[in-house]
Amino acid sequence: MTSEETPQPLPATTGPSRHAQRLLARVRAFDARRPWVWDATVTLTWTVAALVDAAGGWRTTAVDPSVPVWLVVTLSLALSVPLYWRRRHPTAVLAVMACATLVGDASGAFLQSAYLQMVPVFHIALSRPPRALLWALALILPPLVTGAVRFPSGAVDQHVVPALWAYALAALLGIAVRSRRDERAHEVRLAATAERARIAREMHDIIGHNLAVITGLADGGRYAAAKNPERAAQALEAIGTTSRQALAELRRLLSVLHEEGDEGDRSDEPAARAPQPALTDLERLITGVRKAGLPVRAELSPPGPAPLSAGAQLTVYRVLQEALTNTLKHAGPGATASVRLSYGPGALEMVVTDTGTRSTAPGLGHGITGMRERAARYDGTLETGPLSTGGWRVALRIPLEDPPS
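Treat the numbers as computed from the prediction; the structure is a model and nothing was measured.

A word on empty space enclosed by the protein. If you walk through the whole model with that rule in mind, you get three cavities of 30 Å³ or more. Of the pockets and cavities examined, the largest cavity occupies roughly 90 Å³. Around the largest cavity sit T101, D105, A114, Y115, Q117, M118, I140, P143, L144, H159 and A163, which together line it. Looking at the lining of the largest cavity, the elements that each hand over two or more residues are helix 4 (90–107), helix 6 (132–150) and helix 7 (155–227). Among the residues making up the lining of the largest cavity, the classes are represented as seven nonpolar, three polar and one charged.

One finds V316, L320, L324, L348, M350, V352 and L396 to be the most contacted residues of the largest nonpolar core, which totals 31 residues. Of all the secondary structure elements, the ones that give two or more residues to this core are helix 10 (282–291), helix 11 (310–330), strand 2 (337–344), strand 3 (347–354), helix 12 (367–377) and strand 5 (392–399). Here this core gets seven residues from one element, more than from any other, and that element is helix 11. The residues touching L396, leaving out its near neighbours within four places in the chain, are V316, V319, L348, E349, M350, A375, T381 and L382. Counting 18 residues, the second largest nonpolar core, distinct from the first, contains L94, V121, A155 and A166.

Here we come to unusual backbone geometry. Positive phi outside glycine occurs at F110, with the angle close to 45 degrees. Among the residues examined, F110 registers a relative accessible area of 6% and is labelled buried. The phi dihedral of D379 is positive, around 60 degrees, even though this residue is not glycine. Counting through the fold element by element, D379 comes out in the loop between helix 12 and strand 4 (381–386).

Quick look at the side chain of S342 now. One can find S342 in strand 2. Not counting residues up to four positions away in its chain, the partners in contact with S342 are S301, A347, L348 and E349.

This part is about the pattern of salt bridges. Across all of its chains, the model carries nine salt bridges by this definition. For the salt bridge of R180 with E183, the shortest nitrogen-to-oxygen distance reads 3.5 Å. Pair noted here: R180 and E183 are both in helix 7, with a separation of three residues, about one helical turn. The class of E183 is partly exposed, set by a relative accessible area of 41%.

Reading the values: rules and limits
- Residues numbered from 1 in each chain as written.
- Predicted model: local features only at pLDDT ≥ 70, side-chain atom pairs only at ≥ 80, totals over all residues.
- Heavy atoms only, no water.
- 1 Å grid on protein atoms, 1.4 Å probe; cavity = no way out; pocket = protein on both sides within 12 Å on 5 of 7 lines; lining within 4 Å.
- Points joined across faces, edges and corners; volume = space filled by probe spheres on them.
- Helix = DSSP H or I, 4+ residues; strand = E, 2+ residues; numbered from the N terminus.
- Nonpolar A, V, L, I, M, F, W, Y, C, P; charged D, E, K, R; others polar.
- Core = buried A, V, L, I, M, F, W, Y, C linked by side-chain atoms within 4.5 Å.
- Buried < 20%, exposed > 50% of the residue type's maximum accessible area, 1.4 Å probe, protein only.
- Contact = heavy atoms within 4.5 Å.
- Salt bridge = Lys/Arg side-chain N within 4 Å of Asp/Glu carboxyl O.

The quantities given are spatial measurements derived from coordinates; they are silent on function.
Set out below in structure tokens:
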């Protein structure tokens, strides 16, 4: 982001944590492009483990160790190979594995690889509606009941209860991961909404102000063309300058939409790298408004010993820009404006007034609302309203930041 006032919904990470996040993002991107690689790796790993257990280890938990080896190998493959499709069709995978478990428990093999059923259970909790977990439990229970009925001695404590605990843990883990994923997606949506709102405010300020200035210059140039061609040429030159400034600000603003490290077109690089408007640019802003035909009297105090951050300075600039733009658009002919910026006890104070006459309040759209939001972001306050003598008043107060110790 190039703007100093960009919202920061999450704290920045540095060092190993940031590198770990980048590595994780690359792994996820690779998995999204080639999901079969990870699916095949997981399936092959568990298939090898199941076949190793089928070589003889299964007898340590079997009720009937005389079950044919070919049947144990076949059931082991039926419990591991379907894992390849666990992410796309977890319920179907669990159904196949449950059938293999039913045969194994009915025969007395009680294969340890039956616990691989918890992998599709996890994916069901992760990607399916909550009621799908009930169907998953309905698939897991028949093999457990069958084994407990055929071989009741110790089956409940040694087989049924551990399986149900494993099911509960797998389901809870899937729900927890899903909740965290949804929370992160919600945070991303909130950040995107805040960014769109920020860009909309910036666009409103930049385009609204510069178009108002250009309109004033064009009106003045039209009247001057007949009597004073030199003044008309000056007005055209000022219109060109204002347009270029507006274009540069728009380029800088829109540059935040480009991803970091984008190797695309670099023709806008100077505009993108230019700093945002600050307190030192207030005089230039006021000069442009004067050229547009609005007399402005300014009293600007130099920055104090505890200057504002770049984002707070941008807020002051945008508030003044919006206030003068409203005067240009709503104050009527013959209006004048006054700007007073000073440093009070621990705060910057700016008051903008004009002598215009209005039938309605200015900024009934996003103008005044945007100014208040900007001020509130830096613990400031904004007051607007008509003056008793006529005209309009905008008062901004932003606390100064404590100097670093």
